[in-house]
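Residue-level structure breakdown
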Amino acid sequence: MAASVTMGIENALQLASTLDLPAGSCTFEENTCGFDSVFEFLPWILNEEGHYIYVDTSFAKQGEKAVLLSPDLQAEEWSCLRLVYQIATSSGSPSDPSRLNLYMRFEDESFDRLLWSAKNPSDSWLIASLDLQNTSKKFKILIAGVLGHGNTSSIALFEIKMTTGYCIECDFEENHLCGFVNHWNPNVNWFVGGGNMRNSQSALPQDHTFKSELGHYMYVDSVYIKHFQEVAQLISPMTTAPMSGCLSFYYQLQQRNGNIFSVYTRDAAGLYEEIWKAGDPGNAVWNLAEVEFSAPYPKEVIFEVAFNGPKGGYVALDDISFSPVHCQNQTERPFSALEASCNFEEDLCNFYQDKEGSGWTRVKVKPNMYRAGDHTSGLGYFLLANTKLTSQPGYIGRLYGPSLRGNLQYCLRFYYAISGFLKMSDTLAVYIFEENHVVQDKIWSVLESPRGVWMQAEITFRKPMPTKVVFMSLCKSLWDCGLVALDDITIELGSCWSPEKLLPPPGECTFEQDECVFTQERRNRSSWQRRRGETPTSYTGPKGDHTTGVGYYMYIEASHLVYGQKARLLSGPLRGVTGKHCLTFFYHMYGAGTGLLNVYLKKEGDSEESLLWRRRGEQSISWLRALIEYSCERQHQIIFEAIRGVSVRSDIAIDDIKFQAGSCAEMEDKSQQSSGYSEDLNEIEY
C-alpha cells in the first residue's frame, strides 16, 4: 500500500484518545477503558508508554491464553467493530502459530459466538473490520489471544473501536481509512488528498465532507502512468454479515476520456462482478453515484480506475455510505432462503411436479429395525420416488424448485437415500432449468452410495438467466427399479465451500473435525470413540453419520465394554444464564442388546448430577432427534452417558449436538413440531 495510505496510524489513534470514545472502544493510552482481563487466564499487559496492550512469551508459555472482556454493550443500530492488532513471531513459519480470536457473548446464551480469527504474523499493525447486526440484546466482546510456538511470540492490541454504521462506509477523515487498502502498483495508486497533502501535480479539489481544505478524500492521478491501461484499486473491508441496499459515494473526474472509473464486488473465492461504471459527469464537481449493492455472503467493494496514459487526469472519491433501503430504481424482491428450502414436514413448500404424473410422494414412515425414517427428525415426512410402482420403463419423476434470480451464486444442499437398485448410477440427478431458453443442464448425479443411508450432497452453481433446480429420479428398466428418498433441501446464496463457512457454528458440534469442546473422564478402548462409516459389529450401530452420511460421529463400541459399563462424554463449561436453554442432538440406538443413553446436568460446585433425559433399549435403525429444554443460572456441564447392554449388539451413537438460547418451541417451526416434537422433548428446570 502507498506510504501516504499507511502513514500515521499511530499518530491518528493517539489523537483520537483525547476525544470521547464510543462505548466498546479503547486506544489503551492510560487504561483499558472498562475492558478487563479474565482472571482465570493470563493478563493482558498495558504498555508503560501507552498505545497498546500485549501478551508475549517473556512471561507466558506456548499454548497459554489471555482473554479480554468488554463491559456490557448494545448495538440497537447496525455497528462496525474495528480491531487494530499485530501478531508477531520469530523468523520462520511455526507449525503451531499464535492465534487471535474475537467472540460475541450474548447475555442469554451459555456459549460464545466466534466472529473472527487470525493467525498470520505481520511486521506491522493490521486492521480487522467486523459488521455487527443490530440487536436488542445486551452482549460483551471477548478477545482471546493464544500464544503459539516460538521464543519471541507476541500478540498486541492497539485499538478497539465500535461505531454506528457499516464497515464499508468511509469519509476518509481518519488515517486508518476505515480499513480500506490500496492495491500497490509501481506507477499508479490511490492516495489521501485534502488537508495539508500536496502530493499531486494536478489541481485537486476540496473534499466533499467538510467542503474545505480541512477535510480528506481519496484520489488517483495519471501523472506517473508509464503504460497503457494502468489500473489502481481501492479495496473495502470484506463484509461479515448479510446486507442488501443502496451503496452511494461522491466522485470527481478530470479529463473523462482518459480514464475508466468502475466499481466491482469481489467475493472470498475471487469472483469479480461489475456493479457500476462512470458516465460523463459533465463538469469537475462532486457527483453522487448510487448503486444497488447486495452482499448475502462476504464481499469486498473495489473502486478501480484504469488510465489510458499520463494525460488521463485524476479521479477523486469521498463519503462512501450504505443504506439498507434500496435505491430508487430497485423493484426486484430479495432472495429468500426460507422460500427456496423445504423439509416436507407440512407439504411440498414451493416445489412442484410435472403435470403428467406424480413421480414423488410425500410419505411418513414409522421407523423400526428394518426401515429408516426421515432425515429431519427420524419421525417426520420426506419425499419418496418408488419407481417399482411406475407402469413404464424409462419413467422419470421430476421435482421442480422455485424460480431463482440469475447472475447470483447459489449453494444447494439436500439429503438422499437410495435402495433396491442393482445399478445406482444416475438413479437420482439434479438439473438446472433455464426458464428463458428451456435448457436443462445436469449439474450432479448419483454415482455410487451406501444403500439406505441418508447422504448429503452440496452443489454450488451460478447461471446468468433465471433458473429452477430440478430433481429427477429415473428407472431405466422394469428389472432394475428401486426407492429414491429426498429430504431437507436448502438453497442459500454463496458458495458451499467459502472460507467464512469454515468457522465452527456457535454452540454446535458435528464431530467432523474433532471432538470440539467435549472431553472424557478417561480415554481408552471403553471410552466414547470418534468414527465414520459402519461400526465393526453386525446388526448394531449406524451405517453412517447424521451430518453428511460419510462424516464422523461419537459412539461406544459394545465389544470393548462389559455389561453395565459406562462411557461419559462431558461438554466444556457452559455459562449460567436466566431463561431457558434448548439442547438438541441426534442419537442412534440399534441392536437387540442395546443398553441406556442418559443426559445429565452437572452444576458447578455440586457433587450430584441431575438427569435431564433417558432412553433405554433398542429404538430404531434411524438417527432420531432429541430435544431437551432446561434452565440453569449457574455455570454447568452437560454429560452424555452411555451404558453397555446385555450383548455386543448394543452400540450407541450421538451426533450433531447443538445448544441454543430460548425454549425448544421457539427453535422449531410448525412443520418440525408436527414431526414428533412432543415425543422426544424433555423440559426440566433447576
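That block above? That's the structure.
Computed from a predicted structure; not experimentally measured.

1. Some thoughts on the overall build of the protein chain
- For the protein chain, the helix and strand inventory stands at four helices and 43 strands.
- Looking at the protein chain residue by residue over its 686 residues, the buried ones come to 54%.
- Put simply, of all contacts in the protein chain between residues at least 6 apart along the chain, 79% involve residues at least 24 apart.
- Carbon together with sulfur atoms contributes 50% to the accessible area of the protein chain, which is approximately 31100 Å² in total.

2. Some words on the sheet that holds strand β20 (residues 299-307)
- Here five strands make up an open sheet; going across it, the order is β12-β15-β20-β17-β18 and the pairing antiparallel. With partners counted over all chains shown, the strands left at the sheet margins are β12 (181-183) and β18 (272-277), one partner each. Averaged over all neighbouring strand pairs, the angle between strand axes comes to 30°, with direction disregarded.
- The pairing of strand β15 (residues 230-235) with β20 spans six bridges and is antiparallel.

3. Comments concerning the nonpolar core
- Judged by nonpolar contacts, the single largest core of 38 residues is most densely connected at Phe 180, Trp 190, Phe 249, Phe 261, Trp 276 and Phe 303.
- The set of elements that each furnish at least two residues to this core consists of β13 (190-194), β14 (216-221), β15, β16 (243-253), β17 (259-267), β19 (287-295), β20 and β21 (314-323).
- With five residues, the single largest contributor to this core is β16.
- Grouped together as the second largest cluster of nonpolar side chains are 35 residues, Phe 351, Leu 404, Phe 414 and Val 484 included.

4. Quick notes on the environment of Val 599
- When you line up the elements, Val 599 lands in strand β38 (residues 596-603).
- C-alpha separation for the pair Val 599 and Arg 615, spaced 16 residues apart in sequence, amounts to 9.3 Å.

5. Considering unusual backbone geometry
- The phi angle at Phe 28 is positive, at roughly 55°, despite the residue not being glycine.
- Mapping Phe 28 onto the fold places it in the loop between α2 (9-16) and β1 (36-37).
- Unlike most non-glycine residues, Asn 407 shows phi in positive territory, near 65°.
- Of note, Asn 407 is situated in the loop between β25 (396-400) and β26 (408-419).

6. Describing the pattern of salt bridges
- Throughout the structure, instances matching the rule amount to 18 salt bridges.
- A salt bridge links Arg 413 to Glu 492; the shortest N-O distance between them is 3.3 Å. With Arg 413 in strand β26 and Glu 492 in strand β31 (residues 483-493), the pair connects residues that are 79 residues apart, well separated along the chain.
- A relative accessible area of 16% means that Arg 413 is categorised as buried.
- With its nearest N and O atoms 3.0 Å apart, the salt bridge here joins Glu 641 to Arg 568.

7. Points about the state of the cysteines
- With the rule as written, the count across this model stands at eight disulfides.
- The disulfide bridge from Cys 80 ends at Cys 167, spanning 2.0 Å between sulfur atoms. Around the S-S axis, the bridge from Cys 80 to Cys 167 shows a dihedral of about 105° and counts as right-handed. Of this pair, Cys 80 sits in strand β6 (residues 79-88) while Cys 167 sits in the loop between β11 (154-164) and β12; the two residues are 87 residues apart in sequence, bridging distant segments of the chain.
- At a sulfur-sulfur separation of 2.1 Å, the disulfide partner of Cys 342 is Cys 349. Taking the torsion about the S-S bond as the criterion, the Cys 342 to Cys 349 disulfide, at about 70°, is right-handed.
- Residue Cys 342 is classed as buried on the basis of its relative accessible area of 5%.

8. Digging into the environment of Glu 633
- By the element assignment, Glu 633 lies in the loop between β40 (624-632) and β41 (636-643).
- Exposure remark for Glu 633: the relative accessible area of 58% places this residue in the exposed category.
- Glu 633 sits 523 residues away from Ser 110 along the chain, and the two C-alpha atoms are 9.5 Å apart.
- If we ignore the near neighbours within four places in the chain, the residues touching Glu 633 are Gly 576, Val 577 and Thr 578.

9. Overview of the environment of Cys 327
- Mapped onto the elements of the fold, Cys 327 is located in the loop between β21 and β22 (352-353).
- When the C-alpha atoms of Cys 327 and Val 291 are compared, they prove to be 6.8 Å apart, with 36 residues separating the residues in sequence.
- What Cys 327 contacts, discounting residues up to four positions off in sequence, is Cys 246, Glu 290, Val 291 and Glu 292.

10. Regarding the packing of aromatic side chains
- Under the definition given, this model contains 38 aromatic pairs.
- Residues Phe 293 and Phe 322 carry aromatic rings whose centres are separated by 6.1 Å and whose planes lie at 85° to one another, so their mutual orientation is edge-to-face. Here Phe 322 lies in strand β21 and Phe 293 lies in strand β19, a separation of 29 residues in the sequence. The same class applies to Phe 293 and to Phe 322, which are both buried.
- Ring centres 6.2 Å apart and planes at 80° place the aromatic pair Tyr 400 and Phe 433 in the edge-to-face group. You can see Tyr 400 sitting in strand β25 and its partner Phe 433 sitting in strand β27 (residues 428-434), a full 33 residues away along the chain. As far as the burial class goes, Tyr 400 and Phe 433 line up, both buried.
- Over the aromatic face of Tyr 381 sits the side chain of Arg 362, whose NZ or CZ is 3.9 Å from the ring centroid.
- Cation over ring: Arg 530 sits above Tyr 552, and NZ or CZ is 3.8 Å from the ring centre.

11. Brief notes about the side chain of Asp 318
- Tracing the backbone shows Asp 318 in strand β21.
- A polar contact is formed between the side chain of Asp 318 and the side chain of Thr 209, at a distance of 3.3 Å.
- Residues within four places of Asp 318 in sequence aside, it is in contact with Asp 171, Phe 172, Asp 207, His 208, Thr 209, His 216, Tyr 217, Phe 249, Tyr 250 and Trp 286.

12. Overview of the side chain of Ser 650
- Relative to the elements of secondary structure, Ser 650 occurs in the loop between β41 and β42 (652-661).
- Assessed through its relative accessible area of 0%, Ser 650 is described here as buried.
- Within the structure, the side chain of Ser 650 is placed 3.3 Å from the backbone nitrogen of Gly 645, a separation counted as a polar contact.
- The contacts of Ser 650, once residues within four sequence positions are left out, are Thr 540, Ile 556, Ala 558, Gly 593, Thr 594, Gly 595, Arg 644 and Gly 645.

13. Re the sheet that holds β16
- Spatial ordering of the open sheet is given by β13-β14-β21-β16-β19, a layout of five strands whose pairing is antiparallel. The open sheet has two edge strands with one neighbour each: β13 and β19. Sheet twist, expressed as the average angle between the axes of neighbouring strands with direction ignored, equals 35°.
- Pairing of β16 with β19, which is carried by nine bridges, proceeds in the antiparallel orientation.

Rules of the game
Residues numbered from 1 in each chain as written. Predicted model: local features only at pLDDT ≥ 70, side-chain atom pairs only at ≥ 80, totals over all residues. Heavy atoms only, no water. Helix = DSSP H or I, 4+ residues; strand = E, 2+ residues; numbered from the N terminus. Buried < 20%, exposed > 50% of the residue type's maximum accessible area, 1.4 Å probe, protein only. Contact = heavy atoms within 4.5 Å. Areas by Shrake-Rupley, 256 points an atom, 1.4 Å probe, with all protein chains shown as cover. Pairing = 2+ DSSP bridges. Axes fitted to C-alpha atoms, helices over the stretch in contact; angles between N-to-C directions. Core = buried A, V, L, I, M, F, W, Y, C linked by side-chain atoms within 4.5 Å. Salt bridge = Lys/Arg side-chain N within 4 Å of Asp/Glu carboxyl O. Disulfide = S-S within 2.5 Å. Phe/Tyr/Trp six-rings, centres within 6.5 Å; stacked < 30°, edge-to-face > 60°. Lys NZ or Arg CZ within 6 Å of the ring centre and 35° of its normal. Polar contact = N/O pair within 3.5 Å; in protein donor to acceptor, adjacent residues only side chain to side chain.

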